[in-house]
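Chain by chain, the residues:
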Amino acid sequence: MGEARVHISGFRMDFGDTTVVRDLSFDVHAGETFGFLGSNGSGKTTTIRALLGIYEPTAGILHINGRDFKPEHGDRLGYLPEERGLYKKEKVIDIMTYFGRLKGMERRTAKRWSLEYLDRVALADRASAVLDKLSSGQQQKVQLGVTIMNNPELLILDEPTKGFDPVNRRLLMDIIEEQKLAGATVIMVTHQMEEVERLCDRVILLKDGTAEAYGTIDEVQNKYGGRIIRIRHTGPIPRSPHYEVMLEETNYSELSITDATDEAVILKDLVDAGVTVRSFTTTKISLEDIFIRVYGDQNKPSVSGTAGAAGSAGPGQSRPRGGV
Amino acid sequence: MAQHNLGTVVSFEFIRTVTKRRFWIGTLSVPIIIAVVFGLIFLSNSTTDTAAAAQKSAQFSISYTDASGLITAKDAALFGATSAVSPDAGIQAVQSGTVDAYFDYPAHPETTAVRVHGADKGIFENGKYAAVAQAMLTHAVEQRIGSPQLSALAAGKVQVETVTYDGTKESGGLGSVIPPLFFLVIFYGLIVLLAGQMLNSTLEEKENRVTEMILTTLKPRTLIAGKVIALFGIGLVQMLVFLSPVVIGRLFFPEALSLTALDLPPLILDPFRMTVGLLVLVGGFALFTTTLVAIGAVMPTAKEAGNFMGVMMALIFVPFYAVALVVSDPQSLIVQIFTYFPFSAPVTALLRNGFGSLSPLEAGIVIVILFVGAAVMLRLAVRLFQYGSISYTSKVNIRTALRAGSRHPAAEKPPDDNGPLKTDS
């Protein structure tokens, strides 16, 4: 494990009478890809803004490379904020060169790097175009280029795929992989659990301004009870102390069980209760399942322990389906 | 200590403005309009002189009747005029084309108009009839007085030269008024052309959502200072462009710049008034720049900010409602208020400075007000930008922003709008 690139300890953020983040502590190690997860309003963006010196924290220590972040230290920082945009009335090459210079690059170097990047993303012929003459997808590519200028050692991406089309999403993922390979530390603030599972070494789940879970993905999965049983069936799922009903639709349900629970007992309970089981698959609990378990109660009533809550949606429409 | 990235911001903001076509269209339009207006005046004066000269030597047939008895046959003969039998006959002669003009001199030309009837030669050339009718009568009266000197005096052709003194020193008169008033013209030109850019300079980051990325590379104070310095540079370029016709004229057309064609005296550059004018111009420009930047930091969109720009523009025209008092009674209450109220001070002080009614003490006070006001507004602009730059959809609560001077400022709303930005410490 590398040294802490980012160290946050006892961070608290109040806005008037509202406490948005309370006593938050975590480290992000050099070279790792870190997932910063949480529902809307859980304090993710506030934490990032405080870390970057945009907000003044109410209390706590927020360090990058062992010290408070100041703009003078921002040469090797790549930040893609949630609210993003560039100077729409300026030429693409001028914008990129400007940001390169703000990040400490020489004008000539910044310009050369920008042209190479634009060539890579098939925008070389648009270098002298005014930004708002570019399509939305092209503008996203420029934004990405600005973010990764000057070989960042710390890349902070707040909702990086928000608003991105599939092509640019792919490009973004490639860039994250490249930066990771080049030794960059990456912090991803996101709702996209598949991307987190694929890219992140460790995660933190923020809920109501505090850390709900923190660790490697395995550690977090283990904390939330290990396994999910996905069932295609006919007939209502009975209540049982052996499992928790996470999702129940007309012919498809998901049950959460602990690692110690024997699947055979569950299957027997179902059959004994008159349920016709057509498929029965056990998988490790996904981050998305955990996310829904942690934050689901904020948005809708829990289906846990509710009998006969048959939905109209077909199986798999809400969740990835398990195989037979 | 130099501010991190200040030079980069200044050069970016400056270059991206002066390389835009619309900047040069706006900037060059001012000297072009001035040149066109001066050209038209010059041309008009030349045309008038030429026309007058032509009318003096105009040759056309004239008949006349004279009820006053002032014009003798000898006087008339000098102009080639012949006596008509009656007014009706004279008019008929014109209508039939027998003569070009008929002049009907009344019994009392000092109170009754001389009627001139002439063949239509076009609106400009028709003026020759009246000129000759006038000349005939003047000549006849001069002959009766018998003295050209008395005639001239009776006609009011008296030249008066006024010399005024400022202490023991001769003051410059109108020639010394015009140069300091150039600063007023430049002030208007700069504000009218740059106000929109001043207002939008901070709004642009907000509207385009660039703020957060920018603020990881420089401090809000650096960004604002860079923009204000760049605006000064842009203003300087515009000032030079505005003055370029005068400089070019002075270098290459010194005769024309004596302004005799405009009936103006030679210009006198009073060092004190020119210095005061320059300082008031710079101070006023600084105050308006920082104020408009501060307004831009508060408003979420250019549309909403536009309402405030109207108010600012009105403030630079308000002193003209009292311009008569500014000139004739500079110590009146309203002029004093306009002189010291920061946003009407530049125009009022520049007017008074031009007309020589701004004392050194008053000038000093106004200059201090403008520069201190600009410094205060710059601080305020930075503070408001710190609070408002990521307030993307709502106006900044100014009271909250001003109250937050401590390390733990309290905002009224949670982010993503209106969070307290870190102050420059």
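Cut-offs used in this document
Residues numbered from 1 in each chain as written. Chains lettered and ligands numbered in written order. Predicted model: local features only at pLDDT ≥ 70, side-chain atom pairs only at ≥ 80, totals over all residues. Helix = DSSP H or I, 4+ residues; strand = E, 2+ residues; numbered from the N terminus. Contact = placed C-beta atoms within 7 Å. Buried ≥ 20, exposed ≤ 12 C-beta atoms within 10 Å, placed from the backbone. Pairing = 2+ DSSP bridges. Domains from an automatic or database assignment. Nonpolar A, V, L, I, M, F, W, Y, C, P; charged D, E, K, R; others polar. Core = buried A, V, L, I, M, F, W, Y, C linked by C-beta atoms within 7 Å. Axes fitted to C-alpha atoms, helices over the stretch in contact; angles between N-to-C directions. Parallel < 35°, antiparallel > 145°, perpendicular 65-115°, else oblique. Left-handed = near helix turned anticlockwise from the far one by under 90°. Arc of directions from axis to C-beta. pLDDT = per-residue confidence, 0-100.

1. What to know about the overall build of chain A
Next, step 1: When helices and strands are tallied, chain A shows 9 helices and 13 strands.
Next, step 2: Across chain A, contacts joining residues at least 24 apart in sequence account for 71% of those joining residues at least 6 apart.

2. Section: the overall build of chain B
Next, step 1: Along the backbone of chain B there are 16 helices and 6 strands.
Next, step 2: If you take every contact in chain B between residues at least 6 apart in sequence, the share linking residues at least 24 apart comes to 71%.

3. A short note on the environment of D329 of chain B
All names here are of chain B.
Next, step 1: Of note, D329 is situated in the loop between α12 (323-328) and α13 (333-340).
Next, step 2: A tally of 13 C-beta atoms within 10 Å means that D329 is categorised as partly exposed.
Next, step 3: For the pair D329 and S357, spaced 28 residues apart in the sequence, the C-alpha separation amounts to 9.1 Å.

4. Quick look at the pairing of strand β4 (residues 115-118) of chain B
Two faces belong to every sheet, and in a regular strand the side chains alternate between them.
All names here are of chain B.
Next, step 1: Of the two faces of β4, the one lined by V116 and G118 is fully buried and the one lined by R115 and H117 carries no buried residue.
Next, step 2: Both strand β3 (residues 101-105) and β4 contribute to a ladder of 4 bridges, which runs antiparallel. Looking at β4, one finds that Y102 is bridged to H117.

5. Notes on the domain arrangement of chain A
All names here are of chain A.
Next, step 1: Here the domain parsing of chain A yields domain 1 (4-220) and domain 2 (225-299).
Next, step 2: Here the C-alpha centroids of domain 1 and domain 2 sit 37 Å apart.
Next, step 3: Each partner contributes to the interface: domain 1 provides 10 residues, whereas domain 2 provides 8 residues.
Next, step 4: For the side of domain 1 that touches domain 2, the secondary-structure elements that each account for two or more residues are α6 (193-199), β8 (202-207) and α7 (217-223).
Next, step 5: Per-class residue counts for the side of domain 1 that touches domain 2 are 6 nonpolar, 1 polar and 3 charged.

6. Considering the nonpolar core
Across soluble globular proteins, you tend to see nonpolar side chains buried next to one another.
Next, step 1: Ranked by size, the top nonpolar core spans 147 residues in total, and within it L51, I95 and I187 of chain A together with F187, V280 and A381 of chain B carry the most contacts.
Next, step 2: In terms of residue count, helix α10 (residues 271-298) of chain B provides more of this core than any other element does, 15 residues in total.
Next, step 3: When residues no more than four places from it in sequence are discounted, the contact partners of I187 of chain A are V6, V28, F34, F36, I156 and L157 of chain A.
Next, step 4: Listed in part, the 20 residues of the second largest apolar core include I71, V99, Y105 and V116 of chain B.

7. Some points on the packing of helix α7 (residues 174-207) of chain B against helix α14 (residues 345-355) of chain B
For any two helices packed against each other, one specifies the inter-axial angle together with the distance between the axes.
All names here are of chain B.
Next, step 1: Here α7 crosses α14 at 165°, and the two axes come no closer than 7 Å. In terms of axis orientation, α7 runs roughly antiparallel to α14. Considering only the axes of α7 and α14, their crossing is left-handed. On the side of α7, the interface is formed by V177, P180, L181, F183, L184 and F187, while α14 contributes P346, V347, L350, L351, N353, G354 and F355.
Next, step 2: For the contact of α7 with α14, the residue count by class is 11 nonpolar, 2 polar and no charged.

8. Structural notes on the sheet that holds β4 of chain B
Residues and elements named next belong to chain B.
Next, step 1: Here 4 strands make up an open sheet; going across it, the order is β2-β1-β3-β4 and the pairing mixed. A single partner strand is all that each edge strand has here, and the edge strands are β2 (81-83) and β4. Neighbour to neighbour, the strand axes of the sheet diverge by 25° on average, direction disregarded.
Next, step 2: Of the strands in this sheet, β1 (62-66), β3 and β4 touch helix α4 (residues 87-96), which is tilted by about 160° from β3.

9. Topic: the sheet that holds strand β6 (residues 154-158) of chain A
All names here are of chain A.
Next, step 1: Taken in spatial order, the 6 strands line up as β5-β6-β7-β3-β8-β9 in an open sheet, and their pairing is mixed. Of all the strands in the sheet, just β5 (77-80) and β9 (210-216) have a single pairing partner and so form its edges. On average, adjacent strands in this sheet sit at an angle of 10° to one another, irrespective of strand direction.
Next, step 2: Pairing of strand β3 (residues 33-38) with strand β7 (residues 185-190), which is carried by 5 bridges, proceeds in the parallel orientation.

10. Focus on the packing of α7 of chain B against α10 of chain B
Residues and elements named next belong to chain B.
Next, step 1: At a minimum axis separation of 9 Å, α7 and α10 run at an interaxial angle of 15°. Taken as axis vectors, α7 and α10 run roughly parallel relative to one another. You can see that α7 and α10 cross each other, and the crossing is right-handed.
Next, step 2: By residue class, the composition of the contact of α7 with α10 is 21 nonpolar, 7 polar and 1 charged.

11. Description of unusual backbone geometry
Residue and element names in this part refer to chain A.
Next, step 1: Phi is positive for N65, which is not a glycine, with a value near 55°.
Next, step 2: Checked against the element boundaries, N65 lands in the loop between β4 (59-64) and β5.
Next, step 3: Notably, E159 is not glycine yet its phi reads approximately 50°, a positive angle.
Next, step 4: If you trace the backbone, E159 turns up in the loop between β6 and α5 (166-181).
Next, step 5: On the basis of neighbour count, E159 is assigned to the partly exposed category, with 19 C-beta atoms found within 10 Å.

12. Overview of α4 of chain B
An α-helical segment advances 3.6 residues per turn. Residues three or four places apart therefore align on the same side.
Residues and elements named next belong to chain B.
Next, step 1: For α4, every residue scored as buried is listed here: G90, A93 and V94. The arc that holds every buried residue of α4, seen down its axis, measures 100°, which confines them to one face. Among the exposed residues of α4, those oriented more than 90 degrees off its buried face are D88, Q95 and S96.
Next, step 2: Buried residues along α4 sit against β1, β3 and β4.
Next, step 3: G97 sits one or two positions beyond α4 and adopts a positive phi of about 85°.

13. Here's the deal with helix α1 (residues 44-51) of chain A
Next, step 1: Extensive coverage of α1 of chain A is indicated by the burial of 8 of its 8 residues.
Next, step 2: If you check which residues of α1 of chain A are buried, you get K44, T45, T46, T47, I48, R49, A50 and L51 of chain A.

14. Re the environment of G277 of chain B
Residue and element names in this part refer to chain B.
Next, step 1: Summarising the element assignment, G277 is placed in helix α10.
Next, step 2: For the pair G277 and R221, spaced 56 residues apart in sequence, the C-alpha to C-alpha distance is 29 Å.
Next, step 3: Residue contacts for G277: discarding those within four places in its chain leaves P180, F183, L350 and N353.

15. Structural notes on the environment of R84 of chain A
Next, step 1: By the element assignment, R84 of chain A lies in the loop between β5 and α2 (92-102).
Next, step 2: Judged by the 23 C-beta atoms lying within 10 Å of it, R84 of chain A falls in the buried class.
Next, step 3: Note: C-alpha distance between R84 of chain A and D94 of chain A (10 residues apart in sequence) is 18 Å.
Next, step 4: Beyond its immediate chain neighbours, meaning those up to four positions away, R84 of chain A contacts Q143 of chain A together with R209 of chain B.

16. A short note on the pairing of β3 of chain A
Residues and elements named next belong to chain A.
Next, step 1: With 6 of 6 residues buried, β3 lies mostly within the body of the structure.
Next, step 2: Because side chains alternate across β3, one face comprises the buried residues T33, G35 and L37, and the other comprises F34, F36 and G38, equally buried.
Next, step 3: Inspection of the sheet shows β3 paired to β8 by 5 bridges, in the parallel sense. The partner of G38 across the bridge, within β8, is L206.

17. Some remarks on the confidence of the model for chain B
Residue and element names in this part refer to chain B.
Next, step 1: This prediction gives chain B a mean pLDDT of 81; 83% of its residues lie at or above 70.
Next, step 2: Under a pLDDT of 50 for its full length, residues 405-421 has, in the predicted model, 48 contacts with residues more than four places off or in other chains.
Next, step 3: Scored as a complex, the prediction yields pTM 0.71 and ipTM 0.75.

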